[in-house]
Amino acid sequence: MSEPSICSSSEVGLVSKLIRSNSKTQDHASLEALFNANSLQSYVLELKKAQSIMEKYCPIEITIPFKGNCIEVTSCSKYLVFGSIEGRLAIVERETKEILHDLNLEGGTIFTLMLFNDDHSLLVAGKDSIIRLFDFRTFKLEKTFQGHEKEINQITVSVDGEFAYSVSDDCTVRGWNINQNEGKVLYYHEKPVLCIDKSDDGTYLITGGADKKVKIFNLENEVIEDSISDFASSIWAVRFSPESEYIAAGDSNGQIKIWNFDGLELFKVLNGHTERITKLIFNNTLSTLISSSNDTTLRIWDIVKNKHEIILSGHTDWVKNFKLSEDEKSIYSISENYKIMSWQFPRFDKSCCKKENKFIIQQICYSINNQYLYTSDCNEIVVWTLYDKSYYKTLKCYWKVSVICANSDGLGIIIVYENNEIHFWSVEDNESQMKKKHSSRIKCIVSSYDGRYVVCGDVNFRVTVYCKRNFKVVNVFKCHNAVINSVVFSKPINGENNQIFSGGDDKVIFIYSIDYNKSIKLPTSHTQPITQLLVSRNNEILISGDTSGVIKIWNLLHQICIKTLNAHIDKITGIYFTENSKYFWISSADASISLWNSTSFTEVTHLKTKYPVSAFACTKNEIDIILGENEEVHFLDNPLKTNQFFIYGPGKDYYAFMKYILNICENVDEPHNPEMDKWMITPYEINALHFYAYNNLPGHLKAALNSDSPFYMSKSGYSPIQIALHRNFRDCINVIIRSICEKVEENPYTIDFLEDSIIKLNEIGFRDLDNFYDSILYKTKDRRLPKFCDEDVSLPIMHFSRNLGPQQKNFFTPDQISNFGTPLAFWQSALRLDTVIGSKDSIIFLESLTGCPNTNIFRTSFIREIILYKWKYLKWVLLPQAMTYFLYMACLSSYIIIFDNNNEILLMIIFVLNAFLALYEIFQMILTKTSYMKDPWNYIDFTRMSLFFVYVSMHWLGYQKIIAEKVLVGLIFVTMVRGISYFRLFDNTRYMINLLSEIIKDMKSFLILLTYSTYSFALIYFIMINDIFKYNANADTSKMKSFSEYIALSYLLSLGSFDTKGYENFEWIIFFFASVINPLIMLNLLIAIMGDTYSRVAEEQEIADMQELTEMVIEGEYLLFCKRGNGYKSYMQICKEEELTAQDVTIEQKLNKLKIKAKEIEASVLQKNNEIREEIRENTEGINSKVDEIIGLIEKITLAQD
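Residues numbered from 1 in each chain as written. Predicted model: local features only at pLDDT ≥ 70, side-chain atom pairs only at ≥ 80, totals over all residues. Heavy atoms only, no water.

1. Some thoughts on the overall build of the protein
For step 1, the next point in the chain: Helix and strand counts for the protein stand at 20 helices and 67 strands.
For step 2, the next point in the chain: Residues classed as buried in the protein amount to 54% of the 1202 residues present.
For step 3, the next point in the chain: Partitioning the contacts of the protein with sequence separation of at least 6, the portion at a separation of at least 24 is 55%.
For step 4, the next point in the chain: Entry remark: accessible area of the protein is about 54,900 Å², with carbon and sulfur atoms responsible for 53%. (Helix = DSSP H or I, 4+ residues; strand = E, 2+ residues; numbered from the N terminus. Buried < 20%, exposed > 50% of the residue type's maximum accessible area, 1.4 Å probe, protein only. Contact = heavy atoms within 4.5 Å. Areas by Shrake-Rupley, 256 points an atom, 1.4 Å probe, with all protein chains shown as cover.)

2. Digging into helix 2 (residues 42-57)
For step 1, the next point in the chain: Between its first and last C-alpha, helix 2 extends 22 Å over 16 residues, near the 22 Å set by a 1.5 Å rise per residue.
For step 2, the next point in the chain: Along helix 2, the residues classified as buried are Tyr43, Val44, Glu46, Leu47, Ala50, Gln51, Ser52, Ile53, Met54, Lys56 and Tyr57. (Expected span 1.5 Å × (residues − 1).)

3. A closer look at a nonpolar patch on the surface
For step 1, the next point in the chain: A surface patch of nonpolar side chains, about 450 Å² in accessible area, is lined by Leu957, Tyr959, Ile962 and Ile963.
For step 2, the next point in the chain: For Ile962, the location among the structural elements is in helix 14 (residues 961-980).
For step 3, the next point in the chain: The exposure class assigned to Ile962 is exposed, which follows from its relative accessible area of 58%. (Patch = residues over 30% accessible without salt bridge, like charges linked within 9 Å, V, L, I, M, F, W, Y side chains within 5 Å. Salt bridge = Lys/Arg side-chain N within 4 Å of Asp/Glu carboxyl O.)

4. Section: the packing of helix 10 (residues 840-850) against helix 19 (residues 1101-1119)
For step 1, the next point in the chain: It is at 10 Å that the axes of helix 10 and helix 19 come closest, and there the two elements cross at 155°. Considered as vectors, helix 10 and helix 19 are oriented roughly antiparallel to each other. Relative to helix 19, helix 10 is oriented so that their crossing is left-handed. When helix 10 is examined against helix 19, the residues Ser842, Ile843, Leu846, Glu847 and Thr850 are found in contact with a partner set consisting of Thr1110, Glu1111, Val1113, Ile1114, Glu1117 and Tyr1118.
For step 2, the next point in the chain: The residue makeup of the contact of helix 10 with helix 19, split by class, is five nonpolar, three polar and three charged. (Axes fitted to C-alpha atoms, helices over the stretch in contact; angles between N-to-C directions. Parallel < 35°, antiparallel > 145°, perpendicular 65-115°, else oblique. Left-handed = near helix turned anticlockwise from the far one by under 90°. Nonpolar A, V, L, I, M, F, W, Y, C, P; charged D, E, K, R; others polar.)

5. Let's talk about the sheet that holds strand 42 (residues 463-467)
For step 1, the next point in the chain: Overall, antiparallel pairing links the four strands, which are arranged 40-41-42-43 in an open sheet. Across the chains shown, the open sheet's two edge strands, defined by having one partner strand only, are strand 40 (442-447) and strand 43 (473-477). The mean angle between the axes of side-by-side strands here comes to 15°, regardless of whether they run parallel or antiparallel.
For step 2, the next point in the chain: Looking at chain direction, strand 40 and strand 41 (residues 453-458) are connected through five bridges and run antiparallel. Bridge pairing in strand 41 links Ser447 to Val454. (Pairing = 2+ DSSP bridges.)

6. Regarding the UniProt feature "repeat: WD" (unreviewed entry) in the protein
For step 1, the next point in the chain: UniProt annotation of "repeat: WD" (unreviewed entry) refers to residues 145-186, 186-227, 228-269, 270-303, 523-556 and 565-606 when read in the numbering used here.
For step 2, the next point in the chain: Along residues 270-303, the helical share is 0% and the strand share 56%, with 9 Å between the first and last C-alpha atoms.
For step 3, the next point in the chain: End-to-end, the C-alpha atoms of residues 523-556 are 12 Å apart, and along that stretch the chain is 0% helix and 50% strand. (UniProt positions renumbered as here; feature names shortened; annotations may be inferred.)

7. Structural notes on the sheet that holds strand 15 (residues 193-198)
For step 1, the next point in the chain: Taken in spatial order, the four strands of this open sheet run 15-16-17-18, and their pairing is antiparallel. Where the open sheet ends on each side, the last strands, each with one partner, are strand 15 and strand 18 (223-228). Neighbour to neighbour, the strand axes of the sheet diverge by 20° on average, direction disregarded.
For step 2, the next point in the chain: In this structure, strand 16 (residues 204-209) lies alongside strand 17 (residues 214-218), joined through five bridges in antiparallel fashion. Looking at the pairing, Thr207 lines up with Lys215 of strand 17.

8. Quick word on the packing of aromatic side chains
For step 1, the next point in the chain: Tallied over the full model, the rule gives 46 aromatic pairs.
For step 2, the next point in the chain: Plain terms: the ring middles of Phe601 and Tyr749 are 5.1 Å apart, the flat faces sit at 80° to each other, and that makes the pair edge-to-face. With a gap of 148 residues between them, Phe601 in the loop between strand 54 (592-597) and strand 55 (603-608) and Tyr749 in the loop between helix 7 (730-743) and helix 8 (758-764) connect regions that are remote in the sequence. In this pair, the class of Phe601 matches that of Tyr749, namely buried.
For step 3, the next point in the chain: Centre to centre, the rings of Phe911 and Phe949 are 5.7 Å apart; their planes meet at 80°, and the pair counts as edge-to-face. Of the two residues, Phe911 is situated in helix 12 (residues 904-928) and Phe949 in helix 13 (residues 936-957); the sequence distance between them amounts to 38 residues.
For step 4, the next point in the chain: Judged by relative accessible area, Phe949 falls into the partly exposed class, the value being 30%.
For step 5, the next point in the chain: Ring-pair connections join several aromatic residues into one group, and the members of that group are Tyr885, Tyr888, Phe911, Phe948, Phe949 and Trp956.
For step 6, the next point in the chain: Taking the ring centre of Phe322 as reference, the NZ or CZ of Lys279 above it sits at 5.9 Å.
For step 7, the next point in the chain: The lysine or arginine in question, Lys1136, covers the ring of Trp827, its NZ or CZ lying 5.6 Å from the ring centre. (Phe/Tyr/Trp six-rings, centres within 6.5 Å; stacked < 30°, edge-to-face > 60°. Lys NZ or Arg CZ within 6 Å of the ring centre and 35° of its normal.)

9. Brief notes about a negative patch on the surface
For step 1, the next point in the chain: A cluster of like negative charges, contributed by Asp200, Asp201, Glu220, Glu243, Glu245 and Asp262, occupies part of the molecular surface.
For step 2, the next point in the chain: Taking the relative accessible area as the measure of exposure, Asp201 reaches 55% and is therefore exposed. (Lys, Arg positive; Asp, Glu negative; His and termini not counted. Charge placed at Lys NZ, Arg CZ, Asp CG, Glu CD.)

10. Some thoughts on the UniProt feature "transmembrane region" (unreviewed entry) in the protein
For step 1, the next point in the chain: Here the UniProt feature "transmembrane region" (unreviewed entry) sits at residues 876-899, 905-927, 963-985, 1006-1024 and 1068-1089.
For step 2, the next point in the chain: From the first C-alpha to the last, residues 876-899 spans 33 Å; its make-up is 92% helix and 0% strand.
For step 3, the next point in the chain: Taken end to end, residues 905-927 comprises 100% helix and 0% strand; its first and last C-alpha atoms sit 33 Å apart.

11. Details of the packing of helix 11 (residues 861-897) against helix 12
For step 1, the next point in the chain: Across the interface, helix 11 lies against helix 12 with an axial gap of 9 Å and an inter-helix angle of 150°. Relative to helix 12, the element helix 11 is oriented roughly antiparallel. Pair helix 11 / helix 12 crosses with left-handed handedness. Contacts between helix 11 and helix 12 involve Leu878, Gln881, Thr884, Tyr885, Leu887, Tyr888, Cys891, Leu892, Ser894 and Tyr895 from the former and Leu906, Leu907, Ile909, Ile910, Leu913, Asn914, Phe916, Leu917, Tyr920 and Glu921 from the latter.

12. Thoughts on the pairing of strand 41
For step 1, the next point in the chain: Burial runs high along strand 41: six of the six residues are buried.
For step 2, the next point in the chain: A two-sided burial pattern is seen for strand 41, the buried positions comprising Tyr453, Val455 and Gly457 on one face and Val454, Cys456 and Asp458 on the other.
For step 3, the next point in the chain: Here strand 40 folds back onto strand 41, and the loop between the two strands holds five residues, one of which, Gly451, carries a positive phi near 80°.
For step 4, the next point in the chain: Here strand 41 runs beside strand 42; their pairing, made up of five bridges, is antiparallel.

13. So, the pairing of strand 54
For step 1, the next point in the chain: The buried count for strand 54 comes to six of six residues, which makes it a mostly enclosed element.
For step 2, the next point in the chain: Where burial is concerned, the two faces of strand 54 agree: the one with Ser592, Ser594 and Trp596 and the one with Ile593, Leu595 and Asn597 are both buried.
For step 3, the next point in the chain: Two elements, strand 53 (residues 583-588) and strand 54, share six bridges in a ladder whose sense is antiparallel. What sits directly across from Tyr583, in strand 54, is Asn597.

Written as structure tokens, this is what we have:
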């Protein structure tokens, strides 16, 4: 299976797709067949693909018996040659991982080796200061080169293989003629020389040493042409780029510097490693530099587009050396931890960093229509073209820039300068156009989506609304008592913007209505100054962030804070809702951005950036995320929009994540690591919890959920619970459900993930399902709801809302609320269900209840409230059918009893009624389809209709009357049996119908035994009484009976009817046993069975009653076919009378109760006093607010005059 190349990322933890795999063709074919299997669920495909790519992308480990120190690879990449600290020289076959040759040089540590001459020759050097030349094909020592006085640190060979060059701790750089076995000192360093490289054309050498100098030596002139002293520590690695365009060097502090070789101008400084650089290699295209370090990592640097480096982590000890394969598809690294690692070479993604601003970027915005990006610092505004992410132009500003925002026309921006002037500017203009000079310094500004308003917040605590067309003042709101930092509009309603939100240094949020000139303060705001606000795309959620990194989620309908998020530790600088409203992004000055699920408000992943993020934006269609990091603009591929394989996480060690997941998939005993749960794999949008569920790891799932790890749906719509349900992993299901139940009141939004799984949960009926239903209906804690209502209000009141949490207006009118009367309690569900009577999803849910193995769910308040609510309306749908049936029964009875089967008019009425009932059954059969045949009552109905039509046909055709009468008897019997089912409609008789049904079910075994004993005694009597007639001369043989008559006699004996005439001793003995077994034992057995059934039914009466009710509700909902497509999901909310506790029994309990009550009264009085004080304070503030409004009006008039 061919695989396109993948990119890897940078510091934000972005991992890319792999380059082509080296797997065998048959492995590819099997994978292709696996992925194309039509029977696979999409989540299986996603998980298997992700696992397959990670397997190929994870480094291959080769364990060696020595501490590796240097490495070479043959040109075919089949063999790896390495030297060790122990002084061993060995060859290992890459694919089999077997050591082919092992030679002890007995000269101490090997520091360097070099393959050359088409892999025919091998140079080795190290601690004993001797250079050894081996024939690589035979591993035979050919020559030695001596001259250095101390250990040799590195060697290199000329392109033609005739000369070698070495550096040593003896401070010399030597050149060697390999053919003539001669050497000489080329030049010196002041301290040990640690590294060397040559140019491709063989003209130059570059060396670095402990003297902190890089020296460039001309081999043709044999002179040192340049010396660079830019480092503060020893230089351990130097490198020429291909064609000698660049030179690079790395020191013991982990810093790398690159210079243009011509002129030695510093080109780039690379910081990231934390310890000594051990080797550097440029790729052939001069776009990438690879480095290794004693910090156990390798890093891949983009030196052209300034991308963040890719980090290869996996070694646990110093990375001493590495080699890049000739095709540049693999990297082979060696370390002291007895490991050689083979890495697939990753390619960079499309993200990049650009730098044109000269100061820290304050804001980022873009114009939708012409696709320009604007980045502003305090002095200028830089314009970028989004299609190629290139610099376009810079707007020179005459004053310092305070703030900018996108113009709603999509063609330009609005700029506010520190001189308080508001300017409009588009890219085509050379200068901005002043529109208004505000009366004070503006801190934030926004243009309305409908293009009617421009709103700004200033340092004088005012929110000013301007008409965008002529910049006349529309409103001035002065509600804050500190500087305003953020103003936003809600999303347009009916194409118009009328609502504004503001937050500032006073830590509160206000909501304003432009049309009505009103303001509302949100309660319990932040504890630190608010920096960012954003309204969700459906205007239901407001997100706010402050200077401490705290994020609050507000329900705008209820105007309460529903969630506080503490994932960041510094100022929130940006908030963005995705277009599908599934996620939202948060950026922070703590050098990170986080992605959150907007359903459960759980963090999906957390991405680290190189510098603090000062601004955040998303381009049109959300293809790119744009970050302001100091003076740089970071264009980052949006992980939610990519179609390639990436891994995002809270750091750089994505190789550790891949290894962790592979261990999970391979059933390795891998302990749970909560840090790994925060990584996300794209494009599938899956995380570790999906793998836990797929691999049946309930322990990992429990630990993950206890640590609030991200729990969300994949891109294809599968959550961990759905995976566990599909694979029927009950332990995983129980763990997830229990965790959700424990946190449902704290975070009810997590239940939303179960909406699409609730049917499957009912069908499985796991043991904790009843506890789940009990937990999702809970008493609300909203103190703003009324405590009492008038006593004439009928309770309970049920309401179904699209929003979580009850509201007073949905239950009561203002005049129904009082300060005394009936005490109220409000209950709310955390699970949204389609409860529209007659809708498709409502019927499916109810049918899943009837088939649920865990019948205890019918005891739960949630299920009972739903069923009783529906029954209250649906019983009026079923009652007409019942009344029609009872009318049919009455007419049939009158026809038989009064008119002796001879009244044609009445028979016609009965025929019409029966035809109506038949049409009803046909109608029901069409609606319910196969479900119709699952109800046994429908079989009885079908039999009754058939018998009636047979009887009517026989009667009207005059067919044998005696047979017609027998058909009529059968019809009466079936009619009466079917009539029993209609007593289920009534609460008082429904229980008896269920009891009758259960008794009939439990009588099966009894009837078998009764039949057997009746047959046995009938056979005995048949023989015994026939013998009496045969051997008694006076017997009348004409009275001998058939066997069927003796069966009837045996059955009648069970009921106490018998004839013992002519019995002798033996016959009396038989009669005794027959009379004891059948009438006494059997009937008492039946009584015992019925008693047990009654006890069982009495215990489960509540369940049985609700089951019967559910079945009738389903029948009623099927009839409302016109509502099939009208369903929608909603939350159930109930207002009922507060349940009072029972009276205490003992005196002590009563006294304790009185003490508690006295304390409650005392607390209530204190609370009331506080409320009165607060009310007085608020009234005072209200007066002050009115005064401020008057002042605002005066200012407005003044501004208008200006």
